[in-house]
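Descriptive structure summary
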Amino acid sequence: MAEVAIVGASGYTGGELLRFLIKHPNIEIVAAASRKHDGVPIHKIHPHLQNTGLKFKNIDPEDIDADLVFTATPHGASMKIVPKILERGIRVIDLSGDYRFDNVEVYEKWYGIKHEHPLDAVYGLPELYRDEIKKADLVANPGCFPTGAILACLPLVHKNLTKMIVIDSKTGVSGAGINPSHMTHFPECSDNIIPYQITTHRHTPEIEQELKKISDVQVSFTPHLIPIIRGILTTVHAFLEENIDVEKIEKIYKEYYSNEPFVIVIDETPEPSAVRGSNYCHIGGFGIDKNNRLVVISVIDNLVKGASGQAIQNMNLMLGFDETEGLDNLGLHP
Ligand SMILES: NC(=O)C1=CN([C@@H]2O[C@H](COP(=O)(O)OP(=O)(O)OC[C@H]3O[C@@H](n4cnc5c(N)ncnc54)[C@H](OP(=O)(O)O)[C@@H]3O)[C@@H](O)[C@H]2O)C=CC1
Ligand SMILES: CC(=O)N[C@@H](CCC(=O)OP(=O)(O)O)C(=O)O
């Protein structure tokens, strides 16, 4: 059994880590850290996790003893915690944006904060960096929008079929975490659609960083908050450099993802409800119009493939388990 701990266990992604790890056959949870809920049984905050015997503990990250620690903490907080854990020889998967950037100046510009402890990390998208993740001490788990967007674009950029990609994403409200804000207040976000951070969202440079490593593409990104709890639907508009049939595009996507356990290229139009609660990404909805604009749609659950499920996929790779162990949940529909 491998021993793991979760910092930020009282939050939404912390709750999802607990949900999957409780059932993982090779894992023992040795600490569910929370500053606010010391001694409180986890079901008082995560009411679906009954009869686990686990309690939150206000434990200093420096005192955690485990084989691997998940830091499910906000950006800015992770950079203060992660180095202290790594210094003690414990491997870390950080769910925040703090370690996702190759260039710390890009991070500081888009996040608007100074990075106190830059470190080398592996970007935790198994579909791109599986071999590097296996050996990594620090994995920077990708952002939720970048996961859905990058997966929807990878086959195209690998084949160099486009230089211009416009990404339009709709997200569920749980993407904003457990603490309410004006935008996530029920009367504001229900029965409504809220475009936000137009041209300024910090996931733009993250998507661009990974796609530009493969080919020279320009990326535009706009997020919208929609009144669902979980899920991200991303519509990619890619302006094609050559005339190509949509059937050929579908074939390229199916071949590219043929060996991936969690990415399925479907014949139907993707809908977020089909991946709710699961670690799957569905890609489909292919079409090409008279302007040679290709449309591709991806869906993920922001809390699972967009965060905690992907983090467990990375943990499985790091600890030498089957990549799909503990993630065999097919999801819920409707
Ligand atoms: N929600 C989502 O869909 C996704 C989130 N992420 C990222 O994952 C991380 C966690 O997100 P999420 O679970 O939604 O966030 P939440 O706000 O729901 O939970 C974060 C938890 O971290 C703890 N925390 C906050 N500040 C600190 C601190 N300074 N030191 C230690 N613990 C702290 C809090 O617990 P307590 O006060 O009890 O200690 C809190 O419950 C964030 O970086 C987020 O951006 C990534 C992808 C998707
Ligand atoms: C609805 C909502 O607010 N969503 C969040 C996405 C958070 C996330 O997953 O990304 P990070 O891990 O990079 O913080 C946002 O747009 O900032």
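Residues numbered from 1 in each chain as written. Chains lettered and ligands numbered in written order. Predicted model: local features only at pLDDT ≥ 70, side-chain atom pairs only at ≥ 80, totals over all residues.

1. Observations regarding the site of ligand 2
Rules: By convention here, the C-beta atom is placed from the backbone, and a residue is near a molecule or strand when that atom is within 6 Å of it. All amino acids are sorted into three groups, where Ala, Val, Leu, Ile, Met, Phe, Trp, Tyr, Cys and Pro are nonpolar, Asp, Glu, Lys and Arg are charged, and the leftover types, Gly among them, are polar. Where a domain begins and ends is set by an automatic assignment or by a domain database.
Near ligand 2 you find His75, Ser96, Gly97, Gly143, Cys144, Thr171, Gly175, Ala176, Pro223 and Leu225, and these make up its full shell. Considered class by class, the residues forming the shell around ligand 2 number four nonpolar, six polar and no charged. Built from parts of two domains, the shell around ligand 2 gets at least three residues from each of domain 1 (2–120) and domain 2 (144–302).

2. Quick word on the domain arrangement of the chain
How big an interface is tends to be reported as the loss of accessible area on association of its parts. Put simply, the rule reads: This entry defines residue contacts through backbone-placed C-beta atoms, with two residues in contact when those atoms are within 7 Å. Secondary structure counts use DSSP, requiring at least four H or I residues in a row for a helix and at least two E residues in a row for a strand, with both numbered from the N terminus.
What the domain assignment reports for the chain is domain 1 (2–120) and domain 2 (144–302). Here the C-alpha centre of domain 2 lies 26 Å away from the C-alpha centre of domain 1. Facing the nine residues of domain 1 at the interface are seven residues of domain 2. Of all the elements, helix α3 (residues 104–111) adds the most residues to the side of domain 1 that touches domain 2, at three residues.

3. Examining the packing of helix α1 (residues 12–22) against helix α9 (residues 304–319)
Let me state the cut-off plainly: Helix axes are fitted to C-alpha atoms over the stretch in contact, other axes to C-alpha atoms as well, and angles between N-to-C directions run from 0 to 180 degrees. Any angle that is under 35 degrees is reported as roughly parallel, and any over 145 degrees as roughly antiparallel; angles of 65 to 115 degrees are reported as roughly perpendicular and all others as oblique. Crossing chirality is assigned from the near helix's rotation relative to the far helix, an anticlockwise turn below a right angle marking it left-handed and a clockwise turn marking it right-handed.
Running from amino to carboxyl end, α1 crosses α9 at an angle of 45°, the nearest separation of the two axes being 9 Å. Viewed along their axes, α1 and α9 adopt a mutual orientation that is oblique. Crossing of α1 against α9: the hand is right-handed. Contacts from Thr13, Glu16, Leu17, Phe20 and Leu21 of α1 reach α9 at Val304, Ala307, Ser308, Gly309, Ala311 and Ile312. Split by residue class, the contact of α1 with α9 holds seven nonpolar, three polar and one charged.

4. Thoughts on the confidence of the model for the chain
We count it as follows: Confidence of the prediction at every residue is given by pLDDT, a number between 0 and 100.
Model confidence for the chain is summarised by a mean pLDDT of 97, while 100% of its residues fall at 70 or above. As a predicted assembly, this complex carries a pTM of 0.98 together with an ipTM value of 0.98.

5. What about the environment of Asn291?
With respect to the helices, strands and loops of the structure, Asn291 is situated in the loop between β13 (281–288) and β14 (293–300). Asn291 sits 80 residues away from Leu211 along the chain, and the two C-alpha atoms are 23 Å apart.

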